[in-house]
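Reading the structure
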Amino acid sequence: MIPKEDAKKITRWAQKFDVDIFIDLILTEDERTTIFRDFCDKLTGIAPNVKIKQKKDEESAIPAIQVGNIRYQAIPMGKTLEPFLDVLANCDTLTQNVQVSVHKKLFNNQIPAWLKIYIMPHCPFCPKTVMQFLSLAKAHESIKLIIIDGALFPEMAASDTIHSAPTVLLEDQFRWTGSIQIEEVVDMILNRDPSQLSASSLQAMFEEGGAVEVANMMLDCGKIFPAFMDLLVHKKWPVRLAAMVAFETMAEENRELAGHTIPFLWDCFPRAEDAVKGDILYLLGNAGEKGVIPKIETLLNGPYPAEVIEAAKEALEALK
C-alpha cells in the first residue's frame with residue numbers, strides 16, 4: 001500500500017519526533033474505507049508515534065483522514081506525502097509556500113470557508129496546489145479544506161462536474177482549474193456574499209459557538225440566508241438548537257425578518273419528525289406573526305402525539 005520510497009520518507013520523518021501525533025480515521029460503510037484503514041495501519045507501523053482515532057461520521061458517506069480542519073479523501077502518496085507529514089508535525093515550513101501578504105489578508109477573517117481540491121494520480125500540478133492550500137488551512141482555522149482524489153471517488157467528481165485537475169471549489173459556487181492563483185481564491189473568500197454561505201459553513205460557525213454571529217450577519221444583510229432555513233429543521237438536535245439560538249437572537253431585534261421563515265417552516269411541518277415538529281412550532285411561536293394562529297389552531301385536534309399538541313398550545317400562548 002505504501003511504496004518503498006514513501007516508507008523511507010516516513011521513517012526519516014518519524015525519527016525527528018518523540019511525541020505522539022493524533023489523526024482521525026473517518027469510518028463509513030463505503031468499501032473504500034478499507035483503503036484508508038490499510039494506509040493508517042501501515043503508517044503507524046512505520047511511525048509508532050502516530051496514533052489513529054477511529055470515528056464514525058454520520059453525515060459523511062465517504063471515508064477520510066482528518067487532521068484538524070483538513071480532511072483527506074485521498075491517500076497521501078508520492079509528492080503529496082511530504083506536505084501531509086508537515087501537516088501532522090505542524091511544521092512551520094508550510095507557511096513559506098504562500099506569500100505573507102495573503103496570510104495577512106485572512107488574519108481577521110471569521111467566516112468559515114469550505115474549499116475542495118480535486119486531485120488526480122500522476123497530475124504534475126496537483127502537489128503544488130495541495131501544498132499551497134494546506135499552508136493556508138493550517139495557518140487559518142476558518143479555512144476548512146477537503147482534498148479529494150477524483151480517481152478514487154469518481155462519483156464525487158461527477159457530482160461536482162470535475163473535468164480536470166487540480167480543481168479548487170469554494171462553497172460549491174466558485175471554481176478554479178489548472179494553474180491556480182491562490183490570491184484570487186483568498187480575495188473571493190473575503191468578498192463573497194455572506195447570504196450565499198453554504199449550510200456546511202453556517203454549521204461550522206455553530207460548532208465554534210457562532211450562533212449569535214450568524215444572527216447578526218442576517219440582521220446586517222436584512223435577509224434570511226437560504227442555507228440557514230435548512231438548519232432550522234436539521235435532523236440533528238445540536239444543529240437545530242444552535243440555529244434556534246440564532247433565530248431567537250434575530251427575532252428579538254427584528255420580528256419582521258424572523259417572520260420570513262414562516263412559509264418555509266409551515267411547509268416543512270407535515271414531513272418533519274415529531275421532535276422537529278415541536279421545534280418548528282416553538283419557532284413559529286417566537287416569530288411573533290399572529291397571522292399563523294389559525295394554522296396552528298388546526299393542529300390541536302389533529303392526529304399528533306401529545307408532545308406536539310403541547311408544543312402547539314405553547315406556540316399559541318406565545319403568540320396571543
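Up top is the structure these notes are about.
The shown structure was predicted, so the numbers you read here are calculated from the model rather than taken from an experiment. (Residues numbered from 1 in each chain as written. Predicted model: local features only at pLDDT ≥ 70, side-chain atom pairs only at ≥ 80, totals over all residues. Heavy atoms only, no water.)

1. Focus on the overall build of the chain
- When helices and strands are counted, the chain shows 16 helices and 8 strands.
- Structurally, the chain occupies a C-alpha span of about 70 × 40 × 40 Å along its principal axes.
- Within the chain, the fraction of its 320 residues that count as buried is 51%.
- Taken as a whole, the chain presents about 15900 Å² of accessible surface, with 51% of it coming from carbon and sulfur.
- In the chain, which carries 33 positive and 45 negative side-chain charges, the distance between the mean positions of the two groups comes to 5 Å. (Helix = DSSP H or I, 4+ residues; strand = E, 2+ residues; numbered from the N terminus. Buried < 20%, exposed > 50% of the residue type's maximum accessible area, 1.4 Å probe, protein only. Areas by Shrake-Rupley, 256 points an atom, 1.4 Å probe, with all protein chains shown as cover. Lys, Arg positive; Asp, Glu negative; His and termini not counted. Charge placed at Lys NZ, Arg CZ, Asp CG, Glu CD.)

2. Thoughts on the packing of helix 9 (residues 211-221) against helix 11 (residues 237-253)
- Contact geometry for helix 9 and helix 11: axes closest at 8 Å, N-to-C directions at 45°. In terms of orientation, helix 9 lies oblique with respect to helix 11. Every pair of crossing elements has a handedness; the one defined by helix 9 and helix 11 is right-handed. Across the interface between the two elements, Ala211, Val212, Ala215, Met218 and Leu219 of helix 9 pack against Ala242, Val245, Ala246, Thr249, Met250 and Glu253 of helix 11. (Axes fitted to C-alpha atoms, helices over the stretch in contact; angles between N-to-C directions. Parallel < 35°, antiparallel > 145°, perpendicular 65-115°, else oblique. Left-handed = near helix turned anticlockwise from the far one by under 90°. Contact = heavy atoms within 4.5 Å.)

3. Re the sheet that holds strand 6 (residues 143-149)
- One open sheet accounts for 8 strands, arranged 2-1-3-4-6-5-7-8; its pairing is mixed. A strand with exactly one partner marks an edge of an open sheet, and here the two such strands are strand 2 (50-56) and strand 8 (174-177). Strand-to-strand twist of the sheet, defined as the mean angle between neighbouring strand axes without regard to direction, takes the value 20°.
- Relative to strand 7 (residues 167-170), strand 5 (residues 113-119) runs antiparallel, the two being bridged by 4 bridges. (Pairing = 2+ DSSP bridges.)

4. Examining the side chain of Thr28
- For Thr28, the location among the structural elements is in the loop between strand 1 (21-27) and helix 2 (33-46).
- Its relative accessible area of 15% is what places Thr28 among the buried residues.
- Dropping the residues within four chain positions of it, Thr28 is found in contact with Thr33, Ser60, Ala61, Ile62 and Pro63.

5. Overview of the nonpolar core
- If you look at the biggest cluster of nonpolar residues, it comprises 61 residues, and the most contacted ones within it are Phe84, Leu115, Phe133 and Leu145.
- Residue contributions to this core peak at 6 residues, all from helix 5 (residues 126-139).
- Those residues within four positions of Leu115 in sequence are excluded, and the remaining contacts are Phe133, Ile143, Lys144, Leu145, Ile146, Val168, Leu169, Leu170, Val185 and Ile189.
- Core analysis: the second largest hydrophobic core is formed by 48 residues, Ala243, Phe247, Ile280 and Ala312 among them. (Core = buried A, V, L, I, M, F, W, Y, C linked by side-chain atoms within 4.5 Å.)

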